[in-house]
Amino acid sequence: MTKGPDLLIFSDLDGTLLDHDTYQWTAALPALRALRRIKAGLVLASSKTAPEIAGLRAQIGFDDWPAIVENGAGLLPAGTQAIPEGGRYHAVRAALDRVPPPLRTQFCGFGDLDCATLAQRTGLPVAQAALAQQRAFSEPGSWSGSEQDLHRFLDHLAAEGIIGQRGGRFVTLSFGGNKADQVRSLTRQYHPRHSIALGDAPNDIKMLEAVDYAVVVANPHSPPLARLKTEQAGRVYRTTAPGPQGWNDAILTLLSTLTFKGT
Ligand SMILES: [Mg+2]
């Protein structure tokens, strides 16, 4: 077991640490500096790929911590910008090649598109779309067929050990793993005295329920997040401000209430 920090934080990015519209995070600077001062760990957790997260992680000054990438299908180790080794993206793509063509052609994965078309379909800038295509663990794609065919398609992949997880716009194929699995495994590894997770969307709920204190960051673009299992125990903090401002407020408030070694 690694000798742990007093505090380990897990944070979603879009709509949580990053502003929903501008992708800015500077409103969270006071809290980020406070975390540095007490040598807390910060693990970013997102649907983004390793190359998409690596630059941001370095900018905010926490590249000495691993990041949870591709929605928890894998980890970007601490201190590297390289695509993680040992990922099974190519195995996912190879399994797709073995699906019968009438089903396969109804799935359009990120790896089936050139960068410009992917940029157009996702609304990402072209440079960002290129980073989103540098995958190590999972293949998101859109499904254009019927619900019944989607089940048949996923049955073919399940026979090879691949699962499909549905998000808002995409079905993501991987050999498993989600944000909550990674949070639990990193918590076991680092064994922090306190753990906090921050998120804004339904796909963050299991991660928020896997830590000591959860922060639900307000997202004015979606309905409020349902009540968490841990809410009754008084371990859930809901922010008033959205995005990085809410992130900042919640972390500073929690830091003033938690006890740390030597304090
Ligand atoms: Mg989010």
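Calculation notes
Residues numbered from 1 in each chain as written. Predicted model: local features only at pLDDT ≥ 70, side-chain atom pairs only at ≥ 80, totals over all residues. Heavy atoms only, no water. Donors = N, O, S within 2.8 Å, 3.2 Å for Na, K, Ca; no water. Domains from an automatic or database assignment. Buried area = accessible area lost by both parts, 1.4 Å probe. Salt bridge = Lys/Arg side-chain N within 4 Å of Asp/Glu carboxyl O. Helix = DSSP H or I, 4+ residues; strand = E, 2+ residues; numbered from the N terminus. Contact = heavy atoms within 4.5 Å. Buried < 20%, exposed > 50% of the residue type's maximum accessible area, 1.4 Å probe, protein only.

### Focus on the coordination of the magnesium ion
Taken together, the protein ligands of the magnesium ion are D12 (OD), D14 (O) and D200 (OD), with distances of 2.2 Å. Spacing between the donor residues of the magnesium ion along their common chain follows D-x1-D-x185-D.

### Some points on the domain arrangement of the chain
Segmenting the chain into domains produces domain 1 (7–82 + 178–257) and domain 2 (89–174). The centre of domain 1, based on its C-alpha atoms, is set 26 Å off from the matching centre of domain 2. Between domain 1 and domain 2, the buried area comes to about 790 Å², and carbon and sulfur atoms account for 54% of it. By the criterion of area lost to domain 2, the three top residues of domain 1 are P51, E52 and E70, representing 56% of everything that side buries. At the surface where domain 1 touches domain 2, the tally comes to 1 salt bridge. Its salt-bridge partner being R135, residue E70 comes within 3.7 Å of it at the nearest N-O pair.

### Some thoughts on the side chain of T172
Turning to its location among the elements, T172 is positioned in strand β8 (residues 171–174). Beyond its immediate stretch of four places on either side in the chain, T172 contacts S138, E139, P140, I163, G164 and Q165.

### Describing the pattern of salt bridges
Tallying each qualifying case throughout the model produces 14 salt bridges. Of the charged contacts in the structure, one is a salt bridge between D14 and K48, with a shortest N-O distance of 3.5 Å. Taken together, the residues span a long stretch of sequence, with D14 in the loop between β1 (7–12) and α1 (29–37) and K48 in the loop between β2 (41–45) and α2 (50–59) at a distance of 34 residues. Residue classification places D14 among the partly exposed residues on the basis of a relative accessible area of 34%. For the salt bridge of D112 with R93, the shortest nitrogen-to-oxygen distance reads 2.7 Å. Here D112 is found in the loop between β5 (107–109) and α5 (115–122), whereas its partner R93 is found in helix α3 (residues 89–97), with 19 residues between them in sequence.

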